[in-house]
Amino acid sequence: MIQCEGLVKIYKSDDLEVVALQGLNLNVREGEMMAIIGNSGSGKSTMLNILGGLDRPSAGQVKVGPWDLLKITDEQLVEYKRDTVGFIWQSNARNLLPYLTALENVEMPMMLSSKLDRAYAKQLLEWVGLKERMHNKLHQLSGGEQQRVAIAISLSNRPKLLLADEPTGSVDTRTSDMIMDIFRRLNKEIGITVVIVTHDLSLAGKVDRVVAIRDGLTSTEFIKRNPNLDAAADGTLSNSIQAAHEEYVVIDRVGRLQIPKTYLTALQITDKASMEFDGERIIISPPKSLEG
């Protein structure tokens, strides 16, 4: 369903380039339910926005089903977002129209694509446990119920891929468990591929697979479902997981290297470094002393 190879995203201003993704590699099987885990600023939301067609990649390869998101035209991108992908935001304000009922909210994207199907809209709300609440306005629903309406909305275009950005970040543990159960049921019953972005390691035991992204440096580590992740209450990755991590250095268009800050700190490199080429490798080291 998803193939990313050497995926790069660079945000540019007049005199600054910020690399959000540096050579990301990711493969997601059709029908898989997986989580992308990382701290704030790690690049996980940037990747989700690219997969959702909300942002354009700078380089590399990224394909979703038959769509090549690096080469896709603006017109094709509209079709891709309308027919292939569903998106759930953490903030309900980005998902919902407050003056409409739950049912009307689910029907709205159908109306925009001229494919209104009230029976299917009602079925979606039944799937997320809101059969008795579908005619309620949003202010009559709890935060968790509103998030379930958002899940129903994301499925209104019958997508093949469901993307969720911190879908449990603003609800309590009980509601979070309920939302994850809904994702699992949808994944199993209708075969939709589900990709969830989160910083919560406790979700690792509730999905098929976890991909961890660190530091915005955008290499990935592939972690098979591991019950030990649930015990990582401090929110950090274990040493055994970190050992599988491979860093990539991006070379920008004028030949500059963007080196991970942790490496520079370990070598006590601040503003200058020595560089040598031994015929096979480029060696970067602290500046050689100028004394003597």
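Residues numbered from 1 in each chain as written. Predicted model: local features only at pLDDT ≥ 70, side-chain atom pairs only at ≥ 80, totals over all residues. Heavy atoms only, no water.

*Asks:* Help me understand the overall build of the protein, please; the structure alone is not making it clear to me.
*Replies:* Of regular secondary structure, the protein possesses 8 helices and 14 strands. Here the protein holds 292 residues, and the buried ones make up 47% of them. In the protein, the proportion of contacts linking residues at least 24 apart, taken out of those at least 6 apart, comes to 65%. Counting only carbon and sulfur atoms, one obtains 50% of the accessible surface of the protein, whose full area is about 15,700 Å². (Helix = DSSP H or I, 4+ residues; strand = E, 2+ residues; numbered from the N terminus. Buried < 20%, exposed > 50% of the residue type's maximum accessible area, 1.4 Å probe, protein only. Contact = heavy atoms within 4.5 Å. Areas by Shrake-Rupley, 256 points an atom, 1.4 Å probe, with all protein chains shown as cover.)

*Asks:* Looking at this model, I keep getting lost on the packing of helix 3 (residues 102-112) against helix 4 (residues 118-127). Mind explaining?
*Replies:* Relative orientation and spacing of two packed helices are given, respectively, by the angle between their axes and the distance between those axes. The N-to-C vectors of helix 3 and helix 4 enclose an angle of 125°; their axes lie 9 Å apart at closest approach. Classified by the interaxial angle, the pair formed by helix 3 and helix 4 is oblique. As helix 3 runs across helix 4, the sense of the crossing is right-handed. From helix 3, Ala 102, Leu 103, Val 106, Glu 107 and Met 110 reach across to helix 4, where they touch Arg 118, Tyr 120, Ala 121, Lys 122, Leu 124 and Leu 125. (Axes fitted to C-alpha atoms, helices over the stretch in contact; angles between N-to-C directions. Parallel < 35°, antiparallel > 145°, perpendicular 65-115°, else oblique. Left-handed = near helix turned anticlockwise from the far one by under 90°.)

*Asks:* Whenever I open this one, the sheet that holds strand 5 (residues 67-68) confuses me. Can you help?
*Replies:* Pairing in this open sheet of 4 strands is antiparallel, and the strands run 2-1-4-5 from one edge to the other. In this open sheet, the two strands that pair with only one neighbour each are strand 2 (17-28) and strand 5. (Pairing = 2+ DSSP bridges.)

*Asks:* Looking at this model, I keep getting lost on the side chain of Gln 147. Mind explaining?
*Replies:* Its location among the elements puts Gln 147 in helix 5 (residues 143-154). Classification of Gln 147 as buried rests on a relative accessible area of 1%. A distance of 3.5 Å separates a polar atom in the side chain of Gln 147 from the backbone oxygen of Trp 89. (Polar contact = N/O pair within 3.5 Å; in protein donor to acceptor, adjacent residues only side chain to side chain.)

*Asks:* Explain the environment of Leu 26 to me, please; I cannot follow it from the model alone.
*Replies:* Within the element layout of this structure, Leu 26 appears in strand 2. Sequence-wise, Leu 26 and Cys 4 are 22 residues apart; in three dimensions their C-alpha atoms are separated by 4.9 Å.

*Asks:* Where do I start with the nonpolar core in this structure?
*Replies:* A general trend in soluble globular proteins is that nonpolar side chains are found buried together. Core analysis: the largest hydrophobic core is formed by 39 residues, its most contacted members being Val 106, Leu 125, Val 149, Ile 151, Leu 155, Phe 183 and Ile 196. Of all elements in the fold, only strand 3 (33-37), helix 3, helix 4, helix 5, strand 7 (161-165), helix 6 (173-190) and strand 8 (193-198) reach the threshold of two or more residues within this core. When neighbours within four sequence positions are excluded, Phe 183 is seen to be in contact with Met 33, Ile 88, Ile 151, Leu 162, Ala 164, Pro 167, Val 194 and Ile 196. Among the nonpolar cores identified, the runner-up in size contains 30 residues, and Leu 7, Val 28, Ile 36 and Ile 72 belong to it. (Core = buried A, V, L, I, M, F, W, Y, C linked by side-chain atoms within 4.5 Å.)

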